[in-house]
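Spelled out from the first residue to the last, the chains are:
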Amino acid sequence: RLGAVGELVGDAIGREELTLTLREITDLERLIGRIVYGTAGGRDLVALANGLGRLPALRERLAGCSSALLASLREELDDLTELRELIGRAIVDEPPFSVREGGFIRAGYHPEVDRLRDIMANGKGLVASIEAREKEKTGIKSLKVGYNKVFGYYIEVSKSYYDQVPDTYIRKQTLTNCERFITQELKELEHEILSAQDRITALEFELFCDLREQAAAQVGRIQRSAAAVAQVDVLSSFAAVAAEQGYCRPEVDLSDAIEITEGRHPVVEKMLKHALFVPNDTHMDNRDDTVAIITGPNMAGKSTYMRQVALIVLMAQMGSFVPARSARIGIVDRVFTRIGASDDLSAGQSTFMVEMTEVAELLKNATAKSLLILDSSGVITSSYDYDDQYLKMGSLQGNGFATLFLSTSSSGTAGTLVTVGTDGKPYGELALDGQTLALAAQGHKVAVLTTSEVISADRKLDSYTTSPNQRGVRNLAVYEDGSVALINSAAVSLYFPSNGTKVDPKADSSEGTS
């Protein structure tokens, strides 16, 4: 898809001609849907034929494209010449809205429809021809054929010619100066003239239903053509937007990296009428840059930045160019979002509980190839009581998580350590004292460093030991046997949870050692 979009971006004239051709193609998939369900009218069949009639021109536009995708889509375009010509022969160019009123079958398509229409249009001429023929056959010069609403059509003969009336005449009415008769031919003509409209309407509807069934029988071919047209339309739209907005072609690979240089939000930048969107970079992977925590005041652009990254990833994977100077996107399997604040008080769930439930569900279903967007989680309601809030996370064996929630208030620091299993349910929960500095997780073990203690626990948090903190320590590691390594810029100190005894290994004590 990216190759097809790139080719269209580079051919501005060809892209515009392709767009003009696509505008003339009707919504084939919607039309065949109405036809299959039996709700289509004459106008729908004409629209289908007109849309199919534009497919040869679309094939011609795609003939010069070198993209493998565009070439394959060109082969999928089937204009169904037989069906299109059949509809053209059967239906007038501008059929009426309703198929129950007739008037939409083209002249010359069906002989019986033409005959009945001739009877309706030339009924007086047929009556006049019968009158002339009967005058000549009987020799009655005063004979005439008339009509009234009570008796219908009749042959009127004055009484002076009564003795010349043939035996085939049937007396219908006697008047003072004349007699009125009817013949079998006249009776049949009367029936045809008076019932011609109803018969035409019924016959046209029958012919239309047959035509609609023939079109419905081609649903597979029409849907394949419609799908090909839709893909060409999408690729052409991608190319038009990319050329207009200055998007770049992303590099999509199987890595775990998201590298975006000078990325922009595709919607927000269009909404800024009197200001420029300030582009920004993103670098994430599954090694050193797994998590990015975005902080800042209200309206600083935090949500815009996070959603921008998700949109660029989504656009790249669907084959579109992206709003950036350059981008390298590793394929993700899902994009999870936890956005905004809401509650479900009727179910007994506060805003915080709803957020934590959503986060647990997110962690339960996410994989190493998933992109997670948490647009605020654990909202603090008062900036007077709480200055900051942090969230730290470590991975446990079996896709479990150790999660650290803490808030710094005017009265001190309150922290909570929670470990969560693969089912999203907590293993254990532990209240902490002092300012929390770091968290580490390995296998089934968790370690937390605070200003007052070092905690080493298993994932259920039902046992732990403490050791005195070392000044300047800002990081730590935990091992499967429960031992903890405290690390600062000068040295490494090891503690064993069984007795809290400090062990000083040989280490480079020079300043700057990481």
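Remember, it's a predicted structure, so these values are computed and weren't measured experimentally.

Caption draft 1: Seen up close, the overall build of the protein. Broken down by element type, the protein carries 14 helices and 22 strands. Taking all 514 residues of the protein together, 39% fall into the buried category. Across the protein, contacts joining residues at least 24 apart in sequence account for 55% of those joining residues at least 6 apart. Total accessible area on the protein stands at roughly 28,300 Å², and carbon and sulfur atoms take up 51% of it.

Caption draft 2: Quick peek at the environment of Asn286. Here Asn286 lies in the loop between strand E7 (280–284) and helix H13 (302–317). Classification of Asn286 by relative accessible area gives partly exposed; the value is 38%. Separated by 29 residues in sequence, Asn286 and Ala257 have C-alpha atoms that sit 7.3 Å apart. Sequence-distant contacts of Asn286, defined by excluding residues within four places in its chain, comprise Asp256 and Ala368. There is a polar contact of 2.9 Å between the side chain of Asn286 and the backbone oxygen of Ala368.

Caption draft 3: Just the sheet that holds strand E1 (residues 144–148), in detail. Overall, antiparallel pairing links the 4 strands, which are arranged E1-E2-E4-E3 in an open sheet. At either margin of the open sheet sits one strand with a lone partner, and together these are E1 and strand E3 (170–174). Each strand of the sheet is rotated relative to its neighbour by a mean of 40°, with strand direction disregarded. Along the sheet, helix H10 (residues 184–216) contacts E1, strand E2 (152–158), E3 and strand E4 (178–182); its crossing angle with E2, the most-contacted strand, is approximately 145°.

Caption draft 4: The arrangement of the packing of helix H5 (residues 55–62) against helix H11 (residues 219–245) in detail. Contact geometry of H5 with H11 gives a least axis separation of 12 Å together with a crossing angle of 45°. If you check the angle between H5 and H11, you find them oblique. The hand of the H5/H11 crossing is left-handed. The segment H5 lies against H11, with Leu55, Leu58 and Leu62 engaging Ser225, Val229 and Val232. Among the residues making up the contact of H5 with H11, the classes are represented as 5 nonpolar, 1 polar and no charged.

Caption draft 5: Spatial organisation of unusual backbone geometry. A positive phi is found at Leu80, a non-glycine position, where the angle reads about 45°. With respect to the element layout, Leu80 can be found in the loop between helix H6 (68–76) and helix H7 (81–90). A relative accessible area of 1% means that Leu80 is categorised as buried. Even without being a glycine, Glu262 presents a positive backbone phi close to 55°.

Caption draft 6: Structural context of the sheet that holds strand E6 (residues 258–263). Read from one edge of the open sheet, 4 strands run E5-E8-E6-E7, paired in mixed fashion. Strands with a single pairing partner mark the edges of an open sheet, and in this sheet they are strand E5 (251–253) and E7. Strand-to-strand twist in this sheet, taken as the mean axis angle between neighbours without regard to direction, amounts to 15°. Note that E6 and E7 share 4 bridges and pair antiparallel. Across the sheet, Ile260 pairs through a bridge with Thr282, a residue of E7.

Caption draft 7: Structural view of the pairing of strand E17 (residues 454–458). When you tally the buried positions in E17, you get 4 out of 5 residues, the bulk of the element. Bridge count for strand E16 (residues 445–450) against E17 is 5 bridges, and the pairing is antiparallel. Across the sheet, the residue bridging to Ala447 is Ser456, located in E17. The antiparallel pairing of E16 with E17 creates a hairpin that spans 3 residues between the two strands.

Caption draft 8: Up close: H11. The end-to-end C-alpha separation of H11 is 38 Å, in line with the 39 Å expected for 27 residues at 1.5 Å each. Those residues of H11 that fall on the buried side of the exposure criterion are Ile222, Ser225, Ala226, Ala228, Val229, Val232, Leu235, Ser236, Phe238, Ala239 and Ala242. Two residues or fewer past H11, Gly246 is found with a positive phi of approximately 75°.

Caption draft 9: Structural context of helix H1 (residues 2–10). All of the buried residues along H1 are Leu2, Ala4, Val5 and Leu8. All buried residues of H1 lie within an arc of 160° about the axis, which places them on one face of the element. Lining the buried residues of H1 we find helix H2 (12–23), H6, H11 and E5.

Caption draft 10: Just the pattern of salt bridges, in detail. Evaluated as defined, the whole model comprises 24 salt bridges. Across the pair Arg106 and Asp93 runs a salt bridge, and its minimum N-O distance is 2.9 Å. Of the two residues, Arg106 sits in the loop between H7 and helix H8 (111–121) while Asp93 sits in the loop between H7 and H8, which places them 13 residues apart along the sequence. A relative accessible area of 61% means that Asp93 is categorised as exposed. For Arg287, the salt bridge goes to Asp256, with nearest N and O atoms at 3.2 Å.

Caption draft 11: Structural view of the confidence of the model for the protein. With 85% of its residues at a pLDDT of at least 70, the protein reaches an overall mean of 83. Scored below 50 in pLDDT, residues 380–391 shows 24 contacts in the model against residues more than four places distant or in partner chains. A low-confidence stretch, residues 507–514 stays under pLDDT 50, and its non-local contacts, those more than four residues away or across chains, total 11 contacts.

Cut-offs and rules
Residues numbered from 1 in each chain as written. Predicted model: local features only at pLDDT ≥ 70, side-chain atom pairs only at ≥ 80, totals over all residues. Heavy atoms only, no water. Helix = DSSP H or I, 4+ residues; strand = E, 2+ residues; numbered from the N terminus. Buried < 20%, exposed > 50% of the residue type's maximum accessible area, 1.4 Å probe, protein only. Contact = heavy atoms within 4.5 Å. Areas by Shrake-Rupley, 256 points an atom, 1.4 Å probe, with all protein chains shown as cover. Polar contact = N/O pair within 3.5 Å; in protein donor to acceptor, adjacent residues only side chain to side chain. Pairing = 2+ DSSP bridges. Axes fitted to C-alpha atoms, helices over the stretch in contact; angles between N-to-C directions. Parallel < 35°, antiparallel > 145°, perpendicular 65-115°, else oblique. Left-handed = near helix turned anticlockwise from the far one by under 90°. Nonpolar A, V, L, I, M, F, W, Y, C, P; charged D, E, K, R; others polar. Expected span 1.5 Å × (residues − 1). Arc of directions from axis to C-beta. Salt bridge = Lys/Arg side-chain N within 4 Å of Asp/Glu carboxyl O. pLDDT = per-residue confidence, 0-100.

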